[in-house]
Amino acid sequence: MRVSAKSDYALRALIELASPPDGNPVSAEELGRLQEIPHGFLQAILADLRRAGILHSQRGQSGGWRMARDPSTVSVADVIRAVIHQSALVRKSIGGN
């Protein structure tokens, strides 16, 4: 199965967030550094995952990102649906093909 770069990055970020060593929120900067994900791209991915109810953001000096749900309840399909907008999933037939 092929996945987009956005889906790949989202899955890699969630792997980091699923088991932070100290249980504290992880900053986007740290996630990007750990998984080599471009910062701007990561910010959009994290926002998509937050809107889908998969992540929770915490503001402030000790803020960052954490799982909003138990990681065992999040499927790969949930993540892909969260970051790939429905318009990208619909194929339009041109010329009857």
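The structure presented is a predicted model; accordingly, all values stated were derived computationally and were not measured. (Residues numbered from 1 in each chain as written. Predicted model: local features only at pLDDT ≥ 70, side-chain atom pairs only at ≥ 80, totals over all residues. Heavy atoms only, no water.)

**Q** For this particular structure, what's the right way to read the overall build of the protein chain?
**A** Counting secondary structure elements, the protein chain contains five helices and two strands. Along the protein chain, from the amino end to the carboxyl end, the secondary structure elements read α-α-α-β-β-α-α. In the protein chain, of all internal contacts separated by at least 6 residues, the share reaching a separation of at least 24 is 59%. (Helix = DSSP H or I, 4+ residues; strand = E, 2+ residues; numbered from the N terminus. Contact = heavy atoms within 4.5 Å.)

**Q** Please explain helix 3 (residues 39–51) as it appears in this structure.
**A** Each turn of an α-helix holds 3.6 residues, which means side chains three or four residues apart point in the same direction. Here helix 3 spans 18 Å end to end across 13 residues, near enough to the 18 Å set by a 1.5 Å rise per residue. Gly-53 sits one or two positions beyond helix 3 and adopts a positive phi of about 80 degrees. (Expected span 1.5 Å × (residues − 1).)

**Q** Could you clarify how one ought to interpret the environment of Gly-63 in this entry?
**A** Turning to its location among the elements, Gly-63 is positioned in the loop between strand 1 (55–58) and strand 2 (64–67). Considered as a pair, Gly-63 and Val-26 are 37 residues apart in the sequence and their alpha carbons are 7.4 Å apart. Aside from chain neighbours lying at most four places away, what touches Gly-63 is Pro-25 and Gln-58.

**Q** Is there a simple way to explain the packing of aromatic side chains in this structure?
**A** Pairs of aromatic rings are described using the distance from one ring centre to the other and the angle between the two planes. Within this structure, the stated rule accounts for one aromatic pair. Between the aromatic rings of Tyr-9 and Phe-41, the centroid separation amounts to 5.4 Å while the plane-to-plane angle is 85 degrees, which identifies the pairing as edge-to-face. A residue pair is termed long-range when its members are at least 10 positions apart, and Tyr-9 in helix 1 (residues 5–18) and Phe-41 in helix 3 qualify at 32 residues. Look at Tyr-9 and you get buried, because its relative accessible area is 17%. (Phe/Tyr/Trp six-rings, centres within 6.5 Å; stacked < 30°, edge-to-face > 60°. Buried < 20%, exposed > 50% of the residue type's maximum accessible area, 1.4 Å probe, protein only.)

**Q** Got a minute to help me understand the confidence of the model for the protein chain in this structure?
**A** Detailed reading of the predicted model is not advised wherever pLDDT is low. Chain-level pLDDT for the protein chain is 85 on average; 87% of the residues reach the 70-or-more range. Mean pLDDT values for the elements of the protein chain range from 49 in helix 5 (residues 86–89) up to 94 in helix 3. (pLDDT = per-residue confidence, 0-100.)

**Q** I would appreciate a short explanation of the pairing of strand 2 in the present structure.
**A** In summary, the side chains of a regular strand alternate between the two faces of the sheet. Where strand 1 and strand 2 come together, four bridges link them in antiparallel fashion. Counterpart to Leu-55 in the pairing with strand 2 is Met-67. Adjacent in sequence and paired antiparallel, strand 1 and strand 2 are bridged by five residues, among which Gly-60 carries a positive phi angle near 105 degrees. (Pairing = 2+ DSSP bridges.)

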